[in-house]
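Here is how the chains run, residue by residue.
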Amino acid sequence: RPVYRGIDFGYIRPAVVWAYENEQRQLCVTHEALGKDEDVETFFRLVMDYSRKWFPQASTFIDFADPSGWNRSDMQSEKSRIEILYSLGIKPSRGELKEKARVDTVRRLILPRTDGKPGLLVHPRCRILIDGFVGAYIYKDPPAGMTEFPREVINKDGLYDHLQDALAYLCTGLRMVTGKEK
């Protein structure tokens, strides 16, 4: 079966989550990796090593990445982050750009489906990702004078947000490719 990877580039904290779909059509996140003070090429060479080590029987890897990776405004390299990944043999599809769509997609997967099971399972070894479910989402108060409900946003804290975004790019990208929720 294919293994899916969600990619968030982070400026110096790139992040990847690995997942597959089980027999009950649940998306099972099995591994996470969060870089620290690493450039894209160094980090993704490690990602490739981890992928071979953790998934030696994988038929293929299907990647979904942060759309900002196609931009060439990166100070780390003259190439875009995606061009660097392509040079390593990683050819991701674009994840969803709109934050609300990403958050809504992950939320729908966490909630019980019609069969009573969640659409998303996360292995206990993915501690940062799990901890991020508690601290990654916050509510912002509406501007003074506005009466609408607070808006939920991802808390860009420099730690949890990268893995949360990687998961969200994977989930929304997979939904766009298959045309259905997992």
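Please refer to the structure placed before this passage.
Residues numbered from 1 in each chain as written. Predicted model: local features only at pLDDT ≥ 70, side-chain atom pairs only at ≥ 80, totals over all residues. Heavy atoms only, no water.

> Would you mind going over the overall build of the protein with me for this structure?
When helices and strands are counted, the protein shows 5 helices and 8 strands. Listed N to C, the secondary structure of the protein is β-β-β-α-β-α-β-α-β-α-β-β-α in terms of helices and strands. Counting all 182 residues of the protein, 43% fall into the buried class. Pairs at least 24 residues apart make up 63% of the contacts formed inside the protein by residues separated by at least 6 positions. (Helix = DSSP H or I, 4+ residues; strand = E, 2+ residues; numbered from the N terminus. Buried < 20%, exposed > 50% of the residue type's maximum accessible area, 1.4 Å probe, protein only. Contact = heavy atoms within 4.5 Å.)

> Sorry if this is basic, but what is going on with helix α1 (residues 40-54) here?
Given 3.6 residues to a turn, an α-helix orients residues that are three or four positions apart in the same direction. Under the 1.5 Å per step criterion, the end-to-end length of α1 is 20 Å for 15 residues, consistent within 8% with the ideal 21 Å. Buried within α1 we find V40, F43, F44, V47 and S51. End-on view of α1: buried residues confined to an arc of 90 degrees, all on one side of the axis. Taken together, the buried residues of α1 touch β1 (3-8), β2 (15-21), β3 (27-34), β4 (61-65) and α2 (81-87). Of the residues that open α1, the one with a side-chain oxygen 3.1 Å from the backbone nitrogen of E41 is D39. (Expected span 1.5 Å × (residues − 1). Arc of directions from axis to C-beta. Polar contact = N/O pair within 3.5 Å; in protein donor to acceptor, adjacent residues only side chain to side chain.)

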